[in-house]
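Here's the letter readout for the chains.
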Amino acid sequence: MSGQDTQPAWQERYAESLMNTFGPPKLTLARGEGAHVWDTDGKEYVDLLGGIAVNALGHAHPALVAAVTEQMSTLGHVSNFFATEPQIALAERLLGLLDHGPGKVFFTNSGTEAVEAAFKLTRRTGRTHVVAAAGGFHGRTMGALALTSKEAYRTPFEPLPGDVTFVPYGDADALAAAVTDETAAVLLEPIQGEAGVITPPDGYLAAAREITTQHGALLWFDEIQTGMGRTGRWLEHHRSGVVPDLVTLAKGLAGGFPIGAFVALGAAGDLLQPGNHGTTFGGNPVACAAALAVIDTIEAEGLLEHVTVLGQKLRDGLLADPRVTEVRGEGLLIGLDLTAEVSADVAAAALRAGFIVNNPTPSRIRLAPPLVLTGDDVDAFLSAWPAVLDDAMGEP
Ligand SMILES: *Cc1c(COP(=O)(O)O)cnc(C)c1O
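Note that the structure is predicted; figures quoted are calculated from it, not measured.

Some remarks on the nonpolar core
For soluble globular proteins, the rule of thumb is that nonpolar side chains tend to be buried together.
Then comes step 1: If you look at the biggest cluster of nonpolar residues, it comprises 65 residues, and the most contacted ones within it are Leu314 and Leu318.
Then comes step 2: When residues of this core are assigned to their parent elements, the largest contribution, 9 residues, is made by helix α10 (residues 285-300).
Then comes step 3: Here this core gathers at least three residues from each of two domains, domain 1 (3-60 + 302-393) and domain 2 (75-300).
Then comes step 4: When neighbours within four sequence positions are excluded, leucine 318 is seen to be in contact with Val324, Val327, Ile334, Leu336, Leu367, Phe381, Leu382 and Trp385.
Then comes step 5: Among the nonpolar cores identified, the runner-up in size contains 26 residues, and Val115, Ala144, Val164 and Phe262 belong to it.

See below:
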């Protein structure tokens, strides 16, 4: 800040005008292109977080800019008293990508709203009990929070909607013990994102399918973070071959344009009836046009294959450093464990070196970069990585 500035520093303006729910932001970002962003001082960063698994096509992708601009200048909003072509086309497209036969889609504006809508649908089974996983994250509104186990998020807002049982993630026996003939649904992330990218053991999702079928409960996969190409597949649960009843989506779906969706497959698609749920903005034609452009671009640019190759390269490179004890994930959803509880220092050191990474827990780093990340971006990060760890942790 120059001395002649009459305007106070942005940190002060932020603190005076924005609610302090996120803690102080690290930077003000001014623009982006591909997987790169620039702050207001003109410093460049490689964005390895992608707005938390959102910016699938990176920043300012011409296909996304064109789709949003075109739709906004044609028809920007109509309410759900009317249909629009982008909304219908996107619903059809999502059912096609899911590839599990007939189903119905409900559009929202965010992940937590998709979870709320799906949670309401589970009540229409006539049952109220839901089983979810410890460490799972499903959003911050009251219903989604009731399904999220983390005490620090829940406690200040209790009582939350009840009848939720949490089981250890990845433990099929614990799941079998928790699900009864009174259970409406079992809710799982195919990979737990906010927990620091935790992958379940092979066979876990299939066991969940078997257990829920046995008790007539719905199986609900929250793919808000893992879906839409992030893991090198359209949906992460495709890796297991398991067919769920409900799938929630958001984050990368429209590449940064706010949107959420939930899909109910087969008979579950008819559980919500007229008047049971609604939204003013959900299914907005601009958001749907954005999502269609993201899907088309992932296909046209062969990004699923690209994500698989780059993800492997990143994981191999990160694990080469002895201060990294484990690297997990699929495609470009990557979590790593450090030998010490210094992930905030590592994230800060990375930022100084020009890389945006995230520290979801004290000893874990998460990467969820744009799917358009380049091999050069990966090379730059991997060559800087040992020095970033030196800066935060001292030499190995
Ligand atoms: C981010 C996330 C949510 C919440 O989405 P918001 O858009 O932040 O409300 C829900 N579930 C999972 C798995 C997520 O990663």
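Topic: the site of the ligand
Then comes step 1: Taken together, Ser110, Gly111, Thr112, Phe137, His138, Gly139, Glu189, Asp222, Ile224, Gln225 and Lys251 form the complete shell of residues around the ligand.
Then comes step 2: Between the ligand and the protein, one listed contact pairs an oxygen atom with a side-chain N or O atom of glutamine 225 at 2.8 Å.
Then comes step 3: Protein burial of the ligand: of its 380 Å² of free accessible surface, 81% is covered by the chains.
Then comes step 4: Grouping the constituent residues of the shell around the ligand by class yields 2 nonpolar, 6 polar and 3 charged.

Some details on the domain arrangement of the protein
Then comes step 1: What the domain assignment lists for the protein is domain 1 (3-60 + 302-393) and domain 2 (75-300).
Then comes step 2: Each partner contributes to the interface: domain 1 provides 26 residues, whereas domain 2 provides 29 residues.
Then comes step 3: Across the domain 1/domain 2 interface, buried area totals approximately 2200 Å², and carbon plus sulfur atoms make up 60% of it.
Then comes step 4: The largest per-residue losses of area from domain 1 upon contact with domain 2 belong to Leu304, Glu330 and Leu333, which jointly make up 28% of the total buried on that side.
Then comes step 5: At the junction of domain 1 with domain 2, the criterion picks out 3 salt bridges.
Then comes step 6: When the shortest N-O distance is used, the salt bridge between arginine 239 and glutamate 330 registers 3.6 Å.
Then comes step 7: One can count 13 residue pairs in polar contact (both at pLDDT 80 or more) joining domain 1 with domain 2.
Then comes step 8: Residue assignment for the side of domain 1 that touches domain 2 shows that the elements contributing at least two residues are α2 (50-53), α11 (303-319), β11 (324-330), β12 (333-338), β14 (358-361) and β15 (364-367).
Then comes step 9: At 4 residues, α11 tops the list of elements feeding residues into the side of domain 1 that touches domain 2.
Then comes step 10: For the side of domain 1 that touches domain 2, the class distribution of residues is 15 nonpolar, 7 polar and 4 charged.

Section: the pattern of salt bridges
Then comes step 1: Taken as a whole and judged by the stated rule, the model has 17 salt bridges.
Then comes step 2: When the shortest N-O distance is used, the salt bridge between aspartate 245 and arginine 209 registers 3.0 Å. Taken together, the residues span a long stretch of sequence, with aspartate 245 in the loop between β8 (218-222) and β9 (246-249) and arginine 209 in helix α9 (residues 204-215) at a distance of 36 residues. Here aspartate 245 and arginine 209 have matching classes, each one buried.
Then comes step 3: The partner of aspartate 391 in a salt bridge is arginine 352, and the shortest N-O contact between them spans 3.2 Å. Of this pair, aspartate 391 sits in helix α13 (residues 375-393) while arginine 352 sits in helix α12 (residues 343-352), placing them 39 residues apart in sequence.
Then comes step 4: The class of aspartate 391 is partly exposed, set by a relative accessible area of 43%.
Then comes step 5: Exposure remark for arginine 352: the relative accessible area of 52% places this residue in the exposed category.
Then comes step 6: Here the residues in one salt-bridge network are Arg233, Glu236, Arg239 and Glu330, joined through shared partners.

So, the sheet that holds strand β2 (residues 36-39)
Then comes step 1: Here 4 strands make up an open sheet; going across it, the order is β1-β2-β3-β13 and the pairing mixed. Single-partner strands in this sheet number two, and they are β1 (29-33) and β13 (355-356).
Then comes step 2: In this structure, β2 lies alongside strand β3 (residues 44-47), joined through 3 bridges in antiparallel fashion. Counted as the bridge partner of tryptophan 38 is glutamate 44 from β3.

A closer look at the sheet that holds β15
Whenever strands of a sheet pair, they do so through backbone hydrogen bonds, lying parallel or antiparallel.
Then comes step 1: Taken in spatial order, the 4 strands line up as β11-β12-β15-β14 in an open sheet, and their pairing is antiparallel. Bordering the open sheet on either side are β11 and β14, each of which pairs with just one other strand. When the angles between neighbouring strand axes are averaged without regard to direction, this sheet yields 30°.
Then comes step 2: Bridge count between β14 and β15: 2 bridges; the pairing is antiparallel. Across the sheet, residue asparagine 358 finds its bridge partner in β15, namely arginine 366.

A short note on the side chain of glutamine 192
Then comes step 1: Structurally, the position occupied by glutamine 192 is in the loop between β7 (183-188) and α9.
Then comes step 2: There is a polar contact of 3.1 Å between the side chain of glutamine 192 and the backbone oxygen of alanine 134.
Then comes step 3: For glutamine 192, the residues in contact, after removing those within four places along its chain, are Ala133, Ala134, Gly135, Gly136, Tyr169, Val197 and Ile198.

Examining the packing of α12 against α13
Then comes step 1: Close contact between α12 and α13 brings their axes to 8 Å; oriented N to C, the two are set at 125°. The angle between α12 and α13 places the two elements in the oblique class. Considering how the two elements wind past one another, α12 and α13 form a crossing that is right-handed. Taken together, the residues of α13 that come into contact with α12 (itself represented by Asp345, Val346, Ala349, Ala350 and Arg352) are Trp385, Val388, Leu389, Asp391, Ala392 and Met393.
Then comes step 2: Partitioning the contact of α12 with α13 into residue classes produces 8 nonpolar, no polar and 3 charged.

About the criteria used
- Residues numbered from 1 in each chain as written.
- Predicted model: local features only at pLDDT ≥ 70, side-chain atom pairs only at ≥ 80, totals over all residues.
- Heavy atoms only, no water.
- Core = buried A, V, L, I, M, F, W, Y, C linked by side-chain atoms within 4.5 Å.
- Buried < 20%, exposed > 50% of the residue type's maximum accessible area, 1.4 Å probe, protein only.
- Helix = DSSP H or I, 4+ residues; strand = E, 2+ residues; numbered from the N terminus.
- Domains from an automatic or database assignment.
- Contact = heavy atoms within 4.5 Å.
- Near = heavy atom within 4 Å.
- Polar contact = N/O pair within 3.5 Å; in protein donor to acceptor, adjacent residues only side chain to side chain.
- Areas by Shrake-Rupley, 256 points an atom, 1.4 Å probe, with all protein chains shown as cover.
- Nonpolar A, V, L, I, M, F, W, Y, C, P; charged D, E, K, R; others polar.
- Buried area = accessible area lost by both parts, 1.4 Å probe.
- Salt bridge = Lys/Arg side-chain N within 4 Å of Asp/Glu carboxyl O.
- Pairing = 2+ DSSP bridges.
- Axes fitted to C-alpha atoms, helices over the stretch in contact; angles between N-to-C directions.
- Parallel < 35°, antiparallel > 145°, perpendicular 65-115°, else oblique.
- Left-handed = near helix turned anticlockwise from the far one by under 90°.

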